[in-house]
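Below are the chains, spelled out letter by letter.
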Amino acid sequence: QEVLIRTLRTLMTPFLPPFYRVFMGGIVPQYDPNNTRVGADPKWLGDTVQLVRSKLPLGEAMLQPGRRVGPWPYAPSLTAVVAPYAFGFLVGPAS
């Protein structure tokens, strides 16, 4: 499992996983300097989301750091459509 996670992180670059969490999981990014786990939200993403939060009329209530506002209804369908093409090379052709 660790090899798969490392491979996916390499393929997806450092920029895609945080956005995937936002748009598919509905999790508001939260920067925590004490969080040393791989895949923690980067500072630039947490700062950007908080800047957007301060500009929106309902941002204070809805976009609190770490809050889960999803999962979004489109997430399973989008994953079902994209996954076979995006990850087909990892397992080879289907037969």
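Residues numbered from 1 in each chain as written. Predicted model: local features only at pLDDT ≥ 70, side-chain atom pairs only at ≥ 80, totals over all residues. Heavy atoms only, no water.

Asker: So what about the overall build of the protein chain? Which residues, and what values?
Answerer: Within the protein chain, the secondary structure is distributed over five helices and zero strands. Reading the protein chain from its N end, one meets helices and strands in the order α-α-α-α-α. Here the protein chain, with 95 residues, has 18% of them falling under the buried criterion. In the protein chain, 62% of the contacts between residues at least 6 apart in sequence involve partners at least 24 apart. Summed over all atoms, the accessible surface of the protein chain reaches about 7200 Å², with 67% contributed by carbon and sulfur. (Helix = DSSP H or I, 4+ residues; strand = E, 2+ residues; numbered from the N terminus. Buried < 20%, exposed > 50% of the residue type's maximum accessible area, 1.4 Å probe, protein only. Contact = heavy atoms within 4.5 Å. Areas by Shrake-Rupley, 256 points an atom, 1.4 Å probe, with all protein chains shown as cover.)

Asker: Break down the environment of Tyr 31 for me, citing the residues and quoting the values.
Answerer: Within the secondary structure layout, Tyr 31 lies in the loop between helix 2 (16-25) and helix 3 (43-55). Expressed as a C-alpha distance, the spacing of Tyr 31 and Pro 42, which sit eleven residues apart in the sequence, is 6.1 Å. Among residues more than four places away in sequence, those in contact with Tyr 31 are Asp 41, Pro 42, Lys 43 and Gly 46.

Asker: Run through the pattern of salt bridges, naming residues and quoting values.
Answerer: Taken as a whole and assessed by the stated rule, the structure comprises one salt bridge. Measuring nitrogen to oxygen at the nearest pair gives 2.8 Å for the salt bridge that ties Asp 47 to Lys 43. With Asp 47 and Lys 43 both in helix 3 and four residues apart, this pair spans about one turn of that helix. Assessed through its relative accessible area of 39%, Asp 47 is described here as partly exposed. (Salt bridge = Lys/Arg side-chain N within 4 Å of Asp/Glu carboxyl O.)

Asker: Tell me what's going on with the side chain of Arg 53, and back it up with residues and numbers.
Answerer: Inspection of the secondary structure assignment puts Arg 53 in helix 3. Polar contacts involving the side chain of Arg 53 include one to the side chain of Gln 50, which spans 2.9 Å. At 3.4 Å, the side chain of Arg 53 and the backbone oxygen of Leu 63 are in polar contact. In this view, Arg 53 contacts Gly 59, Glu 60, Leu 63, Gln 64 and Pro 65; residues no more than four positions away in its chain are not counted. (Polar contact = N/O pair within 3.5 Å; in protein donor to acceptor, adjacent residues only side chain to side chain.)

Asker: Hey, could you go over the environment of Ala 75 for me, with residue numbers and the actual values?
Answerer: Looking at where Ala 75 falls in the secondary structure, it is placed in helix 5 (residues 75-91). Each C-alpha atom, one on Ala 75 and one on Tyr 20, is 9.9 Å from the other, the two residues being 55 residues apart in sequence.

Asker: Could you give an account of helix 3, naming the residues involved and the relevant values?
Answerer: Quick reminder: α-helices carry 3.6 residues per turn. Residues three or four places apart thus point the same way. Between the first and last C-alpha of helix 3 there are 19 Å, a value that for 13 residues agrees with the 18 Å anticipated at 1.5 Å per step. When we look at burial in helix 3, the residues that qualify are Leu 45, Gly 46, Val 49 and Arg 53. Mapping the buried residues of helix 3 onto a view down its axis gives an arc of 100 degrees, with all of them on the same face. (Expected span 1.5 Å × (residues − 1). Arc of directions from axis to C-beta.)

Asker: I'd like a description of the environment of Pro 33, backed by residues and values.
Answerer: Along the chain, the position of Pro 33 falls in the loop between helix 2 and helix 3. The spacing of Pro 33 and Lys 43 is ten residues in sequence and 8.2 Å in space, taken between C-alpha atoms.

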